[in-house]
Every structure is written in C-alpha cells, then in structure tokens.
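Secondary and tertiary structure notes
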Amino acid sequence: MNEQPKQFKWVGTRAIRPDGVDKVTGRAMYGADLSLPGMVEGKVVRSPHAHARIISIDTSKAEALNGVTAVITAADMPVADSKPVASGEAMINFKDLANNVLAREKALYEGQAVAAVAAKTADIAEQAAALIVVNYEVLPHVIDVMEAIKEDAPVLHDDMFTGGVKPKPEKASNVANRVEFALGDADAGFAAADLVIERQFTTEPVHQGYIEPHAVVADMNPDGKVDVFCSSQGHFMVRAFCSQLLHIEMSKIKVTAAEIGGGFGGKTTVYLEPLAIMLSRKSGRPVRMTMSREEVFRGSGATSGAAMTIKMGATKDGKITGAYAELYLQAGAFPGSPVGPAAMTAFAPYDLANVKVVGFDVVSNRQKVVAYRAPGAPISEYGVESVVDELASELGIDPIEIRSMNGAKEGTQAAYGVKFGTIGFQETLDAAKATEHFKTPLGPNQGRGVASGFWFNIGGESCAGIRINEDGSISLTEGSPDIGGSRASMALMAAETLGVDYNKIKPSVVDTDATGYHFVTGGSRVTFATGMAVVEASKAAIDELRARAAQIWDVDVEGVVWEDGHAKPASTNVGDFEPMSLAELAKVANKTGGPISGHADINAKGAGPAFGTHICDVEVDPDTGHVTVLRYTAVQDAGRAIHPGYVEGQIQGGAVQGIGWALNEEYIYDENGCLENAGFLDYRVPVASDLPMIDAIIVEVPNPTHPFGVRGVGEVPIIPPLAAVSNAVAAATGVRFNRLPLSPPTILAGIAAKK
Amino acid sequence: MVKVTLSSGTAQQFTNGVTEVNVEAKNVRQMFKALEANFPGLGEEIQTSMSVAIDGVILPDPFLEEVTEASEIFVLPKIGGG
Amino acid sequence: MAKHHITTTINGEEAEYLCEPQETLLDVLRDQVGLTGTKEGCSSGDCGACSVMLDGRLVCSCLVLGVEAGGKSVETIEGMADGEDLHPLQQKFLEEAALQCGFCTPGVLIAAKALLDTNNNPTETEVRYWLAGNLCRCTGYDKIIRAVMDTAADMRGA
Ligand code: FES
Ligand code: FES
C-alpha cells in the first residue's frame, strides 16, 4: 500500500473511528434497538403468489382480535400519481413505489406486502396477520428475463409500452425501456478485426445480504407530526418518500438515522417506514416493525438477473477494433433495472472507436430490484471482461497487457459520451502487474483470472456544520448515514483543514430537522460529496476565526492567515502578534461577536471516475466441481484514501460480495414463482472459511476536483470479481462457462461436456 | 452555437437519429429551451430525467452552468449508486 | 399463557425476567432485559449475530429458549469490557478497522473471545472455521481474521 505523502497530518492516517467504542460494546443503536413507552409491534401480510389479482381483503377477524391496535391495506393509503418525480438523482414513480409498499390491485411478486397489522406484542400481530383473509385470483407469472420478453409471456402491466423506441409500440409488453449508446460504427470495427468473439452470458438475481434486516420505529402525534427512527442509507430519502406517499408535509416528518447494519444500495428506498407511520396514525401509538430474514429475501432489495450478448473484435496484436453488447436486465415487478448504468459502464474501461450497446429494462414477477453496489456494472462488465480475457488467451497476449493496450486514459471518450479527465486505470494495471501474486506459478487444477472494473462515482447534495465550542472542541454535524466509518473520514478531513487534533472533533449524523437535504449514502459519494461540504464548512469557520483574530489585533482580516490551527499575522508588516490558537479564539468568542461556526450546503460536482483491477487464483476439484479461491488481490484507484483502513475494508468487502455472486449466490424459484431459498442456509453468502485474505492495494491518482483528491471507493470493488473468478475457473478447467454462479453442478456438467 | 451530443438511443427518440445537434445558448437553461423548441419533448426530457456532462464533469442537476462553442456537452441518463 | 419466572446470571449479575415458554433467549435479552447489543440477523441459527455465552458455551441465542437460561450464566457483548477498559479484542477491532457497519461485530467478538479463551495460538484456518458461523457482509473477513490473530499474539506476548 502506498504511504501517504507527508504534507498531511491527519488525512491518510488510520484513526480510531468516533463511533467505534459504541459498536464494539453493543451500545450503538440500530434500527430495531429502540423501544418507546406504549410501543406496539407491526407485522406485514405478504402475497403467497407470484402474480395474482387481489379480489378482496377481509380484515374483520384480525381487527377483532384482542390486543390488535390497527390494520391497514392499500385502501388506507392515498392514491399516487403515475408521473415520475425527480427525487435526488433517481426518477421515482410514486405509483409504483406505493404499490411496492402495499399492493393495490395486483400482487406482482411473492412476498409483496398486501396488508399490515399492529398489536401489543409481536405474537399477537403475527396471529392477527394470519387472520387476514385475502382473496386472490392467481395469474400466470414469469420470472426469467428472456421468458419475460417473449411474445406470449404473461404481461405484468397492461398499460406499459416500451419507452425509448419510436414509434411507440401498440402492444403492452414487459419491456419497460430500451437504451442505446453508440460511438463510431461497430460493424466496421468487426470488419477490421482479425478475431471476433461473440458470447452469451447469464447471471442470476442476487441479494445485497446486509446482516441487519430492515427495521423502523414510527410515532405519529395527534397533531400530525411524525418521528421516525430507522436504518436506511438516507433519512432524507425516507422523509421525502414518506411525505410523497402519505401526503404529509416534510417539515412534519422528523427522521433520525439509526446506525445501519449494512445496505450496499438495498436501503436506498422505503418498505416498512410508510406502513409504520400509517399504523401509528391508526393505533395512536409508536409502532415498531422489523423484517424477518425471510421477508428480507422475498420482499426487499435484490438486483437483476440478466442475459446478454457480448461481441468484441481485435487485431492480431490485440488492438480492440469493435465492440457490441446487448443487455437484458430484470427490473422486478416495476420498471427501473440498472440497465442504463450497465450499458454505460460495459465498455467504459476501454478506448474504443467503434462501439454499440443496447439495453432493455424488463419487468418480471420478482421483487422490484434496488441498487446494489455499482448497480448494473458487475453484470455487463462481467460479460465484457470475460470476452476480453478470451481474446487475450486466443491471441496469446497477457491479460493485463491487452487491458493496458486498450485501456482508457485521460481524454479517452467513453461509449456513453463523456471524455475522461484524470483517471487511474493504467496505474491499477501497472500495480497489479507488479504484484508478487501475478508472478507466482500455479499448480495442477489451478487457474488465474484477471478482470477490471469501472464506476462513475457521484456527487450530489450534502451539508455540514462546524461549531466551535467554548473550550475549543468541535462539533461536526452532517446527514449522511455512516455505513462503514464515514464519521472518521469526515473528522479527519475537518482536522486536516482546521489544523486541529482529530480527537477534538466529534462528528454526528444528525436528524432531518437539524441539517439540510442529503442525497443517500450510496454511489460512493459520501467521502467525496459530504467530505467536500465538511471541508467547505471548515473553511468558512476558518474565515470567521481569522475575522475574530483581526478584531482582536485591530488589523484587516486580509492581514490574518490560518496555519496549523492558529491565526497568524500574514507578514511582519501586519504587526508583531503572538499566534492565537483555535481554542484561544473560542474562549473569547463572546467578546468578538458570539459563537463561531461554519456551514456549507452544497450540490457536489465533479466526482472522479474510478477503476480497479483484480487478480484471482482458484483451484477446481475435478471430482466435486468445488471451487476454492486460493489467493486474491484487488487493486483500486481511490484518488486519495482518507482513512486507508476503511478504504481497504470497502475493497475487501466488495470483492467478497463479488466472489459470492460468482460462486454461490442465486435466487432459486419453484414452478409457482416462489423463492425456494429465502434464508442464509440456502442462499449462501461467503463465510470466513470460504476465503483467503484479500490483498487490497490502494493506488492514488487524486481527483482534481476534490480538495484532498477523493474519488469514492465503495462501488468499484464488486465489479471485477465476477469475471476474475470465472476467468480463473476457465484457466483451471479449460472450460468457459459464461454463466453465474459457478456452483459445483455447473462446473461438473461443464467438465463432463468438455470430455 | 453550442454542440450537444445525444446518446444514439435518445437521438432515435427525439431527433430522427441525429446525435449531434447545434443550438443557440449561453447557459444550460437556454440550451434546454432551445432544444425543446427544435425537438419537442427533448429539452423537457433532459431537464427532468437525465444528466448533462460538460467538459467531462457529469452534472445531475445542471441549470445555470455556462456553455460556449468550445464546451463538450453530452446528455446521459442519471446515475445513482449503491 | 402463563409466563415463566426465570432467575439467571447475566454478565455476572443476578437477573430475573418473565417470559413466554416459546420466547427465545435473544428476544428476552433484547426486549425484557434491555440488552440490545446482541443482534438478530436471521433468527434461524445461520448468521451468528446473536452469539452469546451460556454457561461458558458459545450459542446462538436465537436457538435457545429464554426458559433454558434459568439457573445458568449468560455473557453478552455488554459484559465484555471491564468498565471503561475494553477487552483486547474490542481494542484491536477498533485499531485495525475490523468493523464497518458493526452489526455483526458483537457476535463476532463473543465468538472470537470464546476461541481465544481456549486457544491462544490459533492458525488462520482455525480462526476462519471457528468464525464460519458468524456472517459479515461488509468486511470480507480479512481484517476480522487479522484482528483476532493479532490479539492472540498480543495476549501470548503479554
Ligand atoms: S439471529 Fe441467531 S444466528 Fe442469526
Ligand atoms: S461489519 Fe457489517 S456485517 Fe460485519
């Protein structure tokens, strides 16, 4: 790992996180940890069918049960408009969201909420839920993406016509949208190639698998004010969505961010929160709702299963001349798969003159997919990185070399249009090539795979406040839920900017009443965007501190500079004054104009694109088909690692989620469209004994638009593993499987077919 | 005149497949207006549901940014993230 | 249904609670005793977030009934530090960034302590298999495994 340049005192250190002690002693309050006096427990009734019309719902028996305080169905919820509304950076169709939260006319997937109850105990709530009688007319269903686009497939929404095509189709279908990006002429590119490879790939739906199930406590007062305490990736998102869905003014909803037990994109929407508010309104009491693990798997999160064709052509010496991709991604019950970013990222790591990508957003009878780390990118880049690997091996070129040769650099125009500024793709390839890992020989039945990944990273709205307390300690407020150590990064950047001791700064993630709108914690934006707000707020505080010193010294503010946590005269011309520390200025703040603070409310622009390159060694047991990951190295350009420990952690955690996606994880449905493996026993996420150490190598090519050069880290590391693992398996077995997961039966069948 | 580059998909929908369109504008707001005037629906579509990249910087909510003949302007879908 | 009156020892202190016969120890700890440091990730014995010690044995508290704890001694994450002094494992987890969201952390710490209490020189493989029942979705386990091994090394050196 690169050591930090010396000019920083705090940035780049491995400081202890401010919320750490609470988290290792069990004191930290997560979503389900709050109890309020008089609180009742809520429970959701879910559809047992993959696709069914709701004929009637009889709640009378449940309402009559002793201890039940409220029962709700979609009839209790305002009817939402179908028009998409810009909400943060996403377009939200609130009619779809409302239906996803509580089904109105049809249940579109097994596990969709159709009613909810609140009762004095969880047991009574459960009994009451069982007493609700829902009369369904079961309809034919479709799960698989390629089945769903067939002419005769059951249509989920009879008012849905494929968008993005002209003329508008006459017939409703499950294809919600088509996207296309092209540069140059892909066919001309293939004509110029010596070798063209075209392959079909499939990936299965997977779940984010956060260990903390969704949980919320909501308390609505008789005057219409609501307090919500919940675990989410954005309490401002929760406020906005609940406000829209329930027609409550935003100022009346206060959302407090609980500590969050993992999200990975899966907690960027609402499920229980609006229900808990409605139940609280009806009960006149605080309501707590938590999902069981089974509900998490059936009714929340998850990303697309996909099918795709990838075609690439190259000259004998390895120059890629043309590329084409056709992508089909499941959206789940409502439109909105990550096919857009999947299409944009597919070939983004490469400098290509002739490229075309077409993508289709396809609804089917699964839960509505929601963001999962670098949404869409792992899927499309898996296909592309597999074909690049095959090109390299067919042409006899080293897999890192072919990527270097064709890799994007500053000024390269990506297929989605934008020209890259300063980027560090080549640096990750060089660092990967230089590892001892890449040079170590392999044994029998072993193979090595290499793959790269790209993600945009995003900015967005963030706010920060720096309050300098009378004793010189500092309270730092912001509103991005801390999902993996971001409070530490914020305090490090503030300490560096202000020139004070990191331990003097107490960062807090405050509620929606106490700071301005923040876009969700996601897209690898917090260290970049909220970090930018923290630096700007710190600078505003510094300006105020300089002004106070200028007053005390009776000089112009221009005559005062801020260095090392002290106000100093800018030059000897200004006068001969003893530097004043932040603490000294804080002590006399009452005499110089009152409390000292700095604030910044921004919409951060200029997020830095990031790249990673991974190397994976596997051993395949030819008798059982079991794949063991022997060694793994993940290289990534972080721009600047504010807290290297948590940057490495993001890289390692993302890589392991990608390994799980590649090897074990998948949703398995029965013939009725019901999920068969809704638990951690059968949906197998990687466990400690499945894995080797994950060597994380941080490369730093600073992002010029961020004061410390941050790019964002969390998304990229989940992208390369899918292809890195499967390229390694191909090297070990001589078989290209072109489908995930590479579970033992798949491997055995592939090996047998080869023989 | 500023040059705006559309994705081929967006172009098929709004401009008969022409991916590079020129409009008279000094800032993004004027650009949206001009696009809407020349290609009904396009300005509105970009403003409500797409991002604009100017000189390599992706802007999810562009409005007042200046644009000149030298600006490289691309229209692309909004990007979120996990 | 009649509730059972249970007397037990939790983190060294005598404790009493009333519980339904079907209530799990996990629910009792969280809802009756107010110790919410023990987490629920699955309630089926698959994630280890609810790990506690029961009479010196590592168990998933979601698989133990509240009534079963009667007359026994329960140790939870809240009892791991000695006042303000963190257990060496807790300290090491902080120093080495072995937690991200922290949700698995109480269970992992309880399980890791149970290992080190009986084996102060585990191999990497032993640590990995011992902790195989504790799911962590954030860290990829790397820093957790290292922190446990480094703590063991410190404890041997001390
Ligand atoms: S909650 Fe007990 S093992 Fe998961
Ligand atoms: S730190 Fe989040 S699950 Fe382990």
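Reading the values: the criteria
- Residues numbered from 1 in each chain as written.
- Chains lettered and ligands numbered in written order.
- Predicted model: local features only at pLDDT ≥ 70, side-chain atom pairs only at ≥ 80, totals over all residues.
- Heavy atoms only, no water.
- Domains from an automatic or database assignment.
- Buried area = accessible area lost by both parts, 1.4 Å probe.
- Helix = DSSP H or I, 4+ residues; strand = E, 2+ residues; numbered from the N terminus.
- Nonpolar A, V, L, I, M, F, W, Y, C, P; charged D, E, K, R; others polar.
- Phe/Tyr/Trp six-rings, centres within 6.5 Å; stacked < 30°, edge-to-face > 60°.
- Buried < 20%, exposed > 50% of the residue type's maximum accessible area, 1.4 Å probe, protein only.
- Lys NZ or Arg CZ within 6 Å of the ring centre and 35° of its normal.
- Lys, Arg positive; Asp, Glu negative; His and termini not counted.
- Salt bridge = Lys/Arg side-chain N within 4 Å of Asp/Glu carboxyl O.
- Contact = heavy atoms within 4.5 Å.
- Pairing = 2+ DSSP bridges.
- Core = buried A, V, L, I, M, F, W, Y, C linked by side-chain atoms within 4.5 Å.

1. Quick look at the domain arrangement of chain C
Residues and elements named next belong to chain C. You can read the domains of chain C as domain 1 (4-79) and domain 2 (88-157). For domain 1 versus domain 2, the distance between C-alpha centres works out to 22 Å. Summing the contributions of domain 1 and of domain 2, the shared interface buries around 1000 Å²; its carbon and sulfur component is 69%. Among the elements that take part in the side of domain 1 that touches domain 2, strand S3 (residues 51-54) stands out by supplying 3 residues, more than any other. Counted by class, the side of domain 1 that touches domain 2 contains 6 nonpolar, 5 polar and 4 charged residues.

2. Some thoughts on the packing of aromatic side chains
Pairs of aromatic rings are described using the distance from one ring centre to the other and the angle between the two planes. All names here are of chain A. Per the counting criterion, the structure on display carries 23 aromatic pairs over all chains. When the ring of Trp 553 is compared with that of Phe 577, the centres are 4.9 Å apart and the planes differ by 5°; the resulting orientation is stacked. Here Trp 553, found in helix H16 (residues 526-553), pairs with Phe 577, found in the loop between strand S23 (566-569) and strand S24 (580-581); they are 24 residues apart in sequence, far enough to count as distant. Residue classification places Trp 553 among the buried positions, given a relative accessible area of 9%. The rings of Tyr 350, Tyr 416, Phe 420, Phe 425, Phe 454, Trp 455, Phe 456 and Phe 611 are connected pair by pair, giving a single aromatic cluster. If you follow Lys 311 out to its NZ or CZ, it ends over the ring of Phe 190, 4.4 Å from the centre. The lysine or arginine in question, Arg 366, covers the ring of Tyr 667, its NZ or CZ lying 5.3 Å from the ring centre.

3. Remarks on the side chain of Asp 219 of chain A
All names here are of chain A. Within the element layout of this structure, Asp 219 appears in strand S11 (residues 215-220). One buried charged residue, Asp 219, remains without a salt bridge, the closest side chain of opposite sign being Arg 285 at 9.6 Å. What Asp 219 contacts, discounting residues up to four positions off in sequence, is Leu 36, Lys 225, Val 226, Asp 227, Ser 280, Arg 285 and Pro 286.

4. Observations regarding the sheet that holds strand S6 (residues 106-107) of chain A
Residue and element names in this part refer to chain A. Reading across from one edge, S6-S2-S8 is the order of the 3 strands in this open sheet, with antiparallel pairing throughout. Strand pairing shows two members of the sheet lacking a second neighbour, S6 and strand S8 (133-138), which therefore form its edges. By the bridge criterion, 6 bridges tie strand S2 (residues 52-58) to S8 in an arrangement that is antiparallel. Within S8, the residue paired with Ala 52 across the bridge is Val 138.

5. Points about the nonpolar core
Within the largest apolar cluster, 202 residues are counted, with the highest numbers of intra-cluster contacts made by Met 289, Ile 310, Met 312, Leu 327, Phe 347 and Tyr 416 of chain A together with Phe 93 of chain C. Among residues more than four places away in sequence, those in contact with Met 312 of chain A are Phe 190, Leu 195, Val 196, Ile 197, Ile 320, Gly 322, Ala 323, Phe 347, Val 384, Val 387, Val 388 and Leu 391 of chain A. Among the nonpolar cores identified, the runner-up in size contains 50 residues, and Leu 476, Val 500, Ala 567 and Val 710 of chain A belong to it.

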